Every structure is written in C-alpha cells, then in structure tokens.
Amino acid sequence: MNLIALEHIYKQLGERVLLEDVSLTINRGDRIGLIGINGSGKTTLLRMIAGLEHADAGQIVRWSGVRIHYLPQEPVLDETARVLDVLFQSESPRMQLVREYEQVVSLFQQQPADPELQARFARVDAEMQRLDGWTAEANAKAILSRLGISQVDAVIGSLSGGMRKRVALARTLLGLEDDTVEPDANLLILDEPTNHVDADTIDWLEQYLLNLRAALFMVTHDRYFLNRIVNRIIELDRRQLIGYPGNYARYLELSAERHERLVKAEEDRRRALKRELEWLHRSPMARGTKQKARKQRVAELEQIRYDSQEDRVAIRLASRRLGKKVLQVRGLSKSYGDLVVLNNLDFVLAPGDRVGIIGPNGAGKSTFLDLLAGVQQPSSGAITWGETVQIGYYDQRNVELNDAERVLDFIKGEAELIRIRERQRPRWLQDEDDMRLLDAAQALEWFLFPRPQQQARIGSLSGGERRRLYLLRTLIHRPNVLLLDEPTNDLDIQTLTVLEEFLDHFQGCLIVASHDRYFLDRTVDLLYSFEPGGIVRGPYPGPYETYRQLREAEAAAADAVAQPASAKHELRRPVARSAATRRLSWKEQRELESLEARVAELEMQRAALLAEMNAAGSDYVRLARLTEALRAAEAEIDVASERWLALAELQEA
C-alpha cells in the first residue's frame, strides 16, 4: 500500500535547481536510504516529504491515516526545557497525556480543595488507566538510557550538540510507540541519525530499526548502517532520483553496471554526433529538407544528458617528507576541575602508523586531538613532535569559516597555487616532474564547487558543503600527519569514498577519531579505546570486528577470574545431605582439585596472550599466531570450567 507519492516535483533554491520532474512512491515496508553529494538537495527532499517545505511545481500525495515522524539533521529544541519535557512534546497521545497528568498533579498538590482540579484530576487519571499512560514515562527513560542519556531532568541548553541530537532522536522514536496508530501507517524520516552517536548506540539503533514495522526513509553516510537496514537505495544525482533494489552492497553492483551502460551509450552518442556533423559539412545546400532534419538530429544528440562520472571529487595533493621521529607522548593528563578526561597517557606514533580512536561521547577523543594539535594545553605530561612533522587538523568546529567570505577567496587566502601529484609513483621515484601547480579555482572544481558557486558566500553553503570546503583547506597545506576528528559527519558517501582513496595513498601518519566503523576499517590499522574516567586501552588490531571480539574476550576473562572464587564460596555452603546422595569418588575428588588449579593457570595464560596482542602493534604475523593461541586457550577454559562446575555441584549436593 502506498504511503507517500511524489509526482513530477520541481524545486529550485535560489539560482540552483535541486529537483527536476522527480517522481517517487514510498510504500508500506519500504526501508529506503537516500544518498547523493552534499548540496544536491537531500535534506530539502526529506523536508518536502515531511510537509515542512513545498514544491515549486508538481504535487505530493499523502494517503489518509499516514503519520510522519521526522528527525532533522540539526534539531531545534527549547533551550529552557528539561529533557523529559522535550519528550512530552512528542505527537504520541500517551506522551501528551503524561505531560498533562504531571501538570495536574503539580497544581492539585497546591490546591487540593479546588473542585475543578479534582474533576480534572479524576478525568486525567481515568485516561491514564485507559491508555496505559503509566508506562509511557518509563519507556521514555528506557529509550534515553539506551541512547546514553541518563539525566532526564537536565536543561536542554546545558547539553552538547550530540546529546541534543540524541534527545531529538528519542522524541522521534517515542512517537512510534503510540499503540493507537496502526504501525504500518507510520513513516519514519531520519536525516543523518548516526551523526555524533557512538558505535554501541548505533548497534542498538540498528536492532531497533530492524524490528520496526513503520516505513523508513533516511539519509546517512554510515555504509554498514545502510547495508544492514535498507531494502532500497535512492540516489539523488543531477536533479534526478535513480532507484536501486536491495542494500548498499547491491547498490554498488547495480550502480557500476548502470554507469558501464551509460559510458557505452555516451560513446555511441558521440559517434552518431560525429557522423551527423560530418554529413552536414559535406552535404550540398540544395537538399534543404534533409539538412534541416539532420540539424534537428544533431541538436537532439547534443542535448542528451549523461553521467560520465567526470565531476567527482578528486584528491591528489602532494605530501611532505616525514622523518623517523613523529610523536612521543609521556604522562599526558587533562582535567576540567574534578572531571578527569585523560590520566597519565603514554602514546607513540611511528612513521606510517594509522591509528583509530573510538569510544563514547565525552570520553576524551576530541580533547586528545586538541592537545596534540596545540589547541588546548595539558594539565600535565609532555607532547613531543618530530622536526619534519607538518600537522593537518580537521576538527568538528569549522571555526575558521567566515560566512561573509566568498568560497574562492577563502581558498585563495590559504594558497593561491596548490601543489598536486600528477601520477602515483613509489616514493623513492618521485621527483619534480611528478608535480604541478593548480590554482584555487581548479582545486575547488575537484571538490565539486563549480565556478558559479565559487563566487557564493560561505554562509549559503549546506552543512556538508562547508565540511567539504574545510577538508580542502586542511589538505592543501600538504600535511604529513593528519588528525581527523569525526571526518564522516556531514560528508556525503561520494566524498568519503574518495577521501578513503586519498588516505590509501597518503604516505604520512593518520590519527582519526570516529564512530564510523566502515571508515575505520578502510583507513586505520590500530584502534585505541577511550573510556570515561581517563582510561585508554589498546592498541588493538583492526578491523573493528576484531577489536570487538578482543574486548569481549577481555571482559569474559575478567569475569572468569572472579567466577571460580565466588562459585566455590557459593557452592561450599554447608548443606544437609541425604543418605541417598552420591559422594565424589577419590578419583573425582582429585580431578576437582586439579581442575581448580588448571582453570586458574589457563586464565593467567589468556591474560598473558591478551597483553602480548596489545603489545604486538602492527606485526600481523605475530597477531595471527597469538589470536589462534587465544582461541585454543579459551576453548580449553570452557571445557575445564564446565567439568569443574559439574563436579563441584555433585560434591555439594
């Protein structure tokens, strides 16, 4: 059944045409991922579907009974409201009822003898019983907890941008909890829901959306998220929508096939155009009628639009030589009053190291990068950079972007001419013949800023376009050490893909803080886990799934070390034995005693293996050997522990 239908939509923003004769149908059960370059109109399309913007031409049909729940990329929340109050602003009747109930209770406590308040309280109390409103507040707190927000009485104005996004996401999801609406009649629209959200929360959100009966239409740069959630990809390209069935992996296959067909069609078009032009040049003027038809044919061929994929982001900037000494951090600590963010951290970066930093928001990832870049000063400890190091810091703030400045002037102010590498060659073969200079306008064209847009003010750019411009500004200074703080936020998938290709050929060092598992898997070799309280664990070998398994093994090892002692304490309580209870044989008693020692020995062996893996760095041969030994030790621990528990239970029976 259809939920929303767009019919021949045309939309123009200023002088830029975003959508041209676009049609789209969203059906029940659809899980659609919308992709496209920044500034192409994705957010505008979402707002039109949500009913917040109107089309310049065409119509949008919403079937009766359809309820739309929209999470904007930058939610606007009441700065003075409490977190729980914001949730009560949900469209859910139950949440609105809970809000009214709290208001009535507050007034009733002040004026208990007021007959009007008594009557109102009785009515609201009956509605709470009928709609099961008592559980609404508990559900709100549960979703907030899973999204990492525990202070429901906090004022919105005191929250970080990431926390505000989570509150808005919780409010949107709670709107779907309303059981008075048919679930299949809901449409959930999400604009970059994974921005500013850590990996554990993204895992939970994936599971939540997979179990959701509502239709889904979303924009996200998280390719693992797209791959798991969606069953249909819509690409916004050159003012048109191109649909692909399946998830992101299937989209890559079908998109490649489509572009191959388009390239062949373009070659055929050019050959036909060449033949027609040659005929026109040779043809006698006497055949006026045929010549007119030929000219019309040429005009038609010239007007055909095609996708040659030539206007893609290209990053081939030259880099600087990097010496043997890069970075040494000793005893680094950072505190804000009583809040400890980093505590006595030692860290070494060697030539060629590519490090990923992961962890929840507020664990100190951005602070660490700020300290390395000199933006902040440590409370104690030392940071020593090598003499040849040229740092490029791509942070989350974009503080150096002046809204009143023109795009071209901003880049010219950084570098009028930009050194680029003409072709990729081994480092020892590179020379000046491999280099050439590029002016600022050409570099902007590489980053999908056409000449007319280069004259626009920075303030007119979309959030993603601003991030793309800031990325160019970071790279044109030819750094040999890149510090990237959440680089995937607000960047489109196309730009991310080419940035990953650039980092594949980047010969310097890389430290990137990100929640994007796909980006980390593509770009880094080692992972450090930052945890609240200034705790830093690592390094762990990539990819992210390997890190996750190792952390689970560490947690299991810690539990197992504590378990035998507590289990023995619990099982050896004095109990009354019946005459019929079987006692352990002398052989079983000896086996039980030997198993206690063996389990303890194996736990120590597993802990030693984990420590060796953490110290192995990028020695992948050694890591593979240690991983295999760890698996064998864990398997033996499982067998020995099960046997020990069985004998211990029999002994205490």
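Residues numbered from 1 in each chain as written. Predicted model: local features only at pLDDT ≥ 70, side-chain atom pairs only at ≥ 80, totals over all residues. Heavy atoms only, no water.

Take the overall build of the chain next. In terms of regular secondary structure, the chain is built from 20 helices and 20 strands. Residues counted as buried form 47% of the 653 residues belonging to the chain. Taking the contacts inside the chain whose residues are at least 6 apart along the sequence as the reference set, 69% of them involve residues at least 24 apart. If you sum the accessible surface of the chain, you get close to 31900 Å²; carbon and sulfur atoms cover 50% of it. (Helix = DSSP H or I, 4+ residues; strand = E, 2+ residues; numbered from the N terminus. Buried < 20%, exposed > 50% of the residue type's maximum accessible area, 1.4 Å probe, protein only. Contact = heavy atoms within 4.5 Å. Areas by Shrake-Rupley, 256 points an atom, 1.4 Å probe, with all protein chains shown as cover.)

Evaluated as defined, the whole model comprises 11 aromatic pairs. Where Phe 347 meets Phe 368, the ring centres are 5.5 Å apart and the plane angle is 85 degrees; that geometry is what we call edge-to-face. Taken as a pair, Phe 347 in strand S11 (residues 339–349) and Phe 368 in helix H11 (residues 365–373) lie far apart in primary sequence, 21 residues in all. Assessed through its relative accessible area of 4%, Phe 347 is described here as buried. For Phe 368, a relative accessible area of 1% translates into the label buried. (Phe/Tyr/Trp six-rings, centres within 6.5 Å; stacked < 30°, edge-to-face > 60°.)

What follows deals with the side chain of Asp 30. Here Asp 30 is to be found in the loop between strand S2 (16–27) and strand S3 (31–35). For Asp 30, a relative accessible area of 11% translates into the label buried. A distance of 2.8 Å separates a polar side-chain atom of Asp 30 from the backbone nitrogen of Asn 27. Once you skip the residues sitting within four places of it in the chain, Asp 30 turns out to touch Thr 25, Ala 215, Leu 216, Asn 231 and Arg 232. (Polar contact = N/O pair within 3.5 Å; in protein donor to acceptor, adjacent residues only side chain to side chain.)

Before going further, it helps to spend a moment on helix H7 (residues 199–210). Its 12 residues place the ends of H7 16 Å apart at the C-alpha level, agreeing with the 16 Å of an ideal helix rising 1.5 Å per residue. By the N-cap criterion, in which a side-chain oxygen at the helix start approaches the backbone nitrogen of a residue two or three places on, H7 is capped by Asp 198, the distance to Asp 200 being 3.2 Å. (Expected span 1.5 Å × (residues − 1).)

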